[in-house]
Amino acid sequence: MKFVKKDFLWGGATSASQVEGAYDVDGKSLTIADMRPFNPNLDRKSVSELNAYTREDYEKSIENKEGLHYPKRFGVDQYHRYKEDIALFKEAGMNIYRMSIAWSRIFPNGDEAEPNKSAIEFYRSVFQECKDAGMEVMLTIQHYDVPYPITKEYGGWSNKKVVDLFIKFSTVIMNEYKDLVKYWLPFNEINIATLSPVTGLGVFKEDFKTEEEYKNAAWQGLHNQFYAQAKVIEIAKTISSNIEMGCMVANMTTYYSDCNPVNVMENLKFQQMERYFYYDVMIKGKYPTYSERYFEEHNIKFETTPEEMNVIKNNPIHYITFSYYMTSTISKELLEKAGGNLLMGGKNPFLKATEWGWQIDPIGLRVTLNELWDRYEIPLFISENGIGVVETLDSNNTVEDDYRIDYLSEHFKQMNEAILDGVNVFGYTMWTPIDVVSLSTNEMSKRYGLIFVDYDDYHKGTGDRFKKKSFNWFKKFRETGEL
Ligand code: BG6
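Values in this document were obtained by computation on a predicted structure and should not be read as measured data.

Draft legend 1. Region of interest: the overall build of the protein chain. Secondary structure summary: the protein chain contains 17 helices and 12 strands in total. The C-alpha atoms of the protein chain give a radius of gyration of 21 Å, which matches the 23 Å a tight globule of 483 residues would have. For the protein chain, the spread of C-alpha atoms along the principal axes amounts to about 60 × 55 × 50 Å. Looking at the 483 residues of the protein chain, the share that counts as buried comes to 62%. By sequence separation, contacts in the protein chain at least 24 residues apart represent 78% of the contacts at least 6 residues apart. Here the protein chain has roughly 19,100 Å² of accessible surface; of this, 50% comes from carbon and sulfur atoms. Between the averaged position of the 56 positive side-chain charges in the protein chain and that of its 71 negative side-chain charges there is a distance of 2 Å.

Written as structure tokens, this is what we have:
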């Protein structure tokens, strides 16, 4: 089968805290990502690792008297090896690289009067390298790496002062890079805010007296991000018409577990609040009516001003991007068991899952694309999709990752079907073109890349890069368009 769209962006995605390393270079501050240790006893199927540490644990990591390993301080050393990586991405046939920029390098404390010049020049060189390699850049402004000084001083995103710091940071980088970076995403997976407030907002549970206050702080943080994003879009219009602003949502497509109308209804409610809610706010520019009932019933309170709501209304995103790894199922029984806090959803007997319990569902991607297009009719972009597997180099210094080739090609085929259905999808960046440190479990051994990186979970190894079988498969696909 030939992929139908010729004019399409094909590439890969990473994030600063998962690839860069160089955590102590040029005045960079520590981020919350740099401060969560590797847990050798982790349960791969559990989602609790993201929320398992207290503010005290984070504080202790600064002196690190226990000698723990903090994988995101080292990443895969892309800070020093970006030229080599970009050359490999070019060779694979990528025409776009989605990456993120570290706030902690540009404004280490968040509130400096001037940005860090050497960090500004560092990213300029990276973007220029991409341009020279014929690649567009899609830049995430904040990807799970709130600088720790901002959480310490201001308590993270629930404080409206952080909005101003973020707007200043975003304005500086848009002015600096407007000619080198076309696609911008203010926040990675904006919906993580209420699921893991420390990860998305730098908000710590220990700073609140009650669960209720903590929950409301997370919703306040989310609202502040909605507003900050809209404000950045407003400012972008005054900076350059080259800037295209999108959003990024961790897409949570779920199916009802059976045709019992009770479960159909539960799934509808789940889809409204866990998926559509985010797009609705960022595209329709207001809090949807179904959310008002949800806030009331869950006693959720946060402060909005008419001025903020006006900015949100007048500055919708230009396109949607989302991450898509899996689907799951929803039933009343399951929701009751999980106490409403469901990140992974229920099992689907028709799907296989990875070692981490992520259920692989290429057709669900076509479903998702159709649903989003029908509802919003703005261009769509898949900004993350891929499969994490434990891998080692074989005697030929490669990895025969046929499962990854299957995973990617099945998703590409469904994307193709969606395009034939009439959906406007304009690009795809796989997670990831190169092995990186895992976001949730902090492992290096959970590998997603077309390129193998010789580091283990403790950052031991040469760091050298090796092409997997999927690298050559992707390269050929880019040359022929054949699936
Ligand atoms: C997305 C994140 O949620 O999933 C990435 O945006 C992350 O940062 C990716 O790496 C895969 O998750 P994990 O936990 O397997 O690295």
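Next comes the rest of the description.
Draft legend 2. Focus on the sheet that holds strand 3 (residues 136–142). Pairing in this closed barrel of eight strands is parallel, and the strands run 1-2-3-4-5-7-9-10 around the ring. Strand-to-strand twist in this sheet, taken as the mean axis angle between neighbours without regard to direction, amounts to 25°. Pairing geometry for strand 2 (residues 96–100) and strand 3, over five bridges, is parallel. Paired with Tyr97 across the two strands is Val137, which belongs to strand 3.

Draft legend 3. Quick peek at the environment of Ile150. Examined against the element boundaries, Ile150 turns out to sit in helix 6 (residues 148–154). Note: C-alpha distance between Ile150 and Ile300 (150 residues apart in sequence) is 25 Å. Leave out the neighbours within four places in its chain, and Ile150 touches Trp103, Asn109, Gly110, Gly155, Gly156, Val162 and Leu165.

Draft legend 4. Quick peek at unusual backbone geometry. Backbone torsion omega between Trp431 and Thr432 reads 0°, so that peptide bond is classified as cis. With respect to the helices and strands, Thr432 occurs in the loop between strand 10 (425–430) and strand 11 (451–453). Non-glycine residue Asp77 carries a positive phi angle of around 60°. Assignment of secondary structure puts Asp77 in the loop between helix 2 (55–63) and helix 3 (78–92). Accessibility expressed as a relative area gives 18% for Asp77, which makes it buried.

Draft legend 5. Looking closely at helix 5 (residues 117–132). With 16 residues, helix 5 should cover 22 Å at 1.5 Å per step; its first-to-last C-alpha distance of 22 Å lies within 8% of that length. Listed as buried for helix 5 are Ala119, Ile120, Phe122, Tyr123, Val126, Phe127 and Cys130. One face of helix 5 carries all of its buried residues, which in axial projection span an arc of 160°. Across from the buried face of helix 5, at angles greater than 90 degrees, the exposed residues are Lys117 and Asp132. Turning to helix 5, the residues buried within the fold contact helix 3, strand 2, helix 4 (103–106), strand 3 and helix 7 (160–177). One or two steps after helix 5, the chain reaches Gly134, where phi turns positive at roughly 80°.

Draft legend 6. Fine view of the site of the ligand. Taken together, 13 residues are adjacent to the ligand, and Glu189, Leu439, Ser440, Lys446 and Tyr448 come closest. Within the side chain of Glu189, one N or O atom sits 2.6 Å away from an oxygen atom of the ligand. Separating an oxygen atom of the ligand from a side-chain N or O atom of Tyr325 is a distance of 3.4 Å. Coverage of the ligand by the protein chains reaches 96% of its 370 Å² of free accessible surface. More than half of the atoms of the ligand fall within 2 Å of the grid points belonging to the largest cavity. Classifying every residue of the shell around the ligand gives five nonpolar, five polar and three charged.

Draft legend 7. Broad picture of the pairing of strand 9 (residues 380–384). With five of five residues buried, strand 9 lies mostly within the body of the structure. In this sheet, strand 9 lies alongside strand 7 (residues 319–323) in parallel orientation, the contact comprising four bridges. What sits directly across from Ser323, in strand 9, is Glu384. Here three bridges tie strand 9 to strand 10, and the two strands are oriented parallel to one another. Pairing of Ile382 across the sheet is with Tyr428, part of strand 10. The parallel pair strand 9 and strand 10, bridged by helix 16 (residues 402–420), forms a crossover whose chirality is right-handed.

Draft legend 8. Main features of the UniProt feature "active site" (unreviewed entry) in the protein chain. Taken from the UniProt record, the annotation "active site" (unreviewed entry) applies to Glu384. Relative to the assigned elements, Glu384 resides in strand 9. Apart from residues lying up to four places away in sequence, Glu384 is in contact with Ala13, Arg98, His143, Asn188, Glu189, Met248, Phe322, Ser323, Tyr324, Tyr325, Thr429 and Trp431.

Draft legend 9. The side chain of Glu49, seen in detail. Along the chain, Glu49 falls in the loop between helix 1 (16–19) and helix 2. We note that Glu49 is buried and unpaired, the nearest opposite charge coming from Arg36 at a distance of 4.4 Å. Here Tyr53 takes part through its side chain, which lies 2.8 Å from a polar atom of the side chain of Glu49. In this structure Glu49 touches Arg36, Pro37, Asn39, Leu42, Ser440 and Thr441, once residues within four positions along its chain are discounted.

Draft legend 10. Seen up close, the packing of aromatic side chains. Counting across every chain of the model gives 53 aromatic pairs. Here Tyr58 and Phe204 contribute two aromatic rings whose centre-to-centre distance is 5.0 Å and whose plane-to-plane angle is 80°, an arrangement assigned as edge-to-face. On the criterion of sequence distance, the pair formed by Tyr58 in helix 2 and Phe204 in the loop between helix 9 (197–201) and helix 10 (211–239) is long-range, its members being 146 residues apart. When the ring of Trp103 is compared with that of Phe166, the centres are 5.6 Å apart and the planes differ by 75°; the resulting orientation is edge-to-face. Residue Trp103 is found in helix 4, and its partner Phe166 is found in helix 7; the two are separated by 63 residues along the sequence. Judged by its relative accessible area of 1%, Trp103 falls in the buried class. Residue Phe166 is classed as buried on the basis of its relative accessible area, which comes to 0%.

Draft legend 11. Quick peek at the pairing of strand 2. Of all the five residues making up strand 2, five are buried; the element is thus mostly covered by neighbouring parts of the structure. Of the two faces of strand 2, the one carrying Ile96, Arg98 and Ser100 and the one carrying Tyr97 and Met99 are both buried. With three bridges connecting them, strand 1 (residues 9–13) and strand 2 associate as parallel partners. Looking at the pairing, Gly11 lines up with Ile96 of strand 2.

About the criteria used
- Residues numbered from 1 in each chain as written.
- Predicted model: local features only at pLDDT ≥ 70, side-chain atom pairs only at ≥ 80, totals over all residues.
- Heavy atoms only, no water.
- Helix = DSSP H or I, 4+ residues; strand = E, 2+ residues; numbered from the N terminus.
- Rg over C-alpha atoms; globule rule 2.2 N^0.38 Å.
- Buried < 20%, exposed > 50% of the residue type's maximum accessible area, 1.4 Å probe, protein only.
- Contact = heavy atoms within 4.5 Å.
- Areas by Shrake-Rupley, 256 points an atom, 1.4 Å probe, with all protein chains shown as cover.
- Lys, Arg positive; Asp, Glu negative; His and termini not counted.
- Charge placed at Lys NZ, Arg CZ, Asp CG, Glu CD.
- Pairing = 2+ DSSP bridges.
- Axes fitted to C-alpha atoms, helices over the stretch in contact; angles between N-to-C directions.
- Expected span 1.5 Å × (residues − 1).
- Arc of directions from axis to C-beta.
- Near = heavy atom within 4 Å.
- Polar contact = N/O pair within 3.5 Å; in protein donor to acceptor, adjacent residues only side chain to side chain.
- 1 Å grid on protein atoms, 1.4 Å probe; cavity = no way out; pocket = protein on both sides within 12 Å on 5 of 7 lines; lining within 4 Å.
- Sits in = over half its atoms within 2 Å of the grid points.
- Nonpolar A, V, L, I, M, F, W, Y, C, P; charged D, E, K, R; others polar.
- Right-handed = clockwise from strand over helix to strand, strands pointing away.
- UniProt positions renumbered as here; feature names shortened; annotations may be inferred.
- Salt bridge = Lys/Arg side-chain N within 4 Å of Asp/Glu carboxyl O.
- Phe/Tyr/Trp six-rings, centres within 6.5 Å; stacked < 30°, edge-to-face > 60°.

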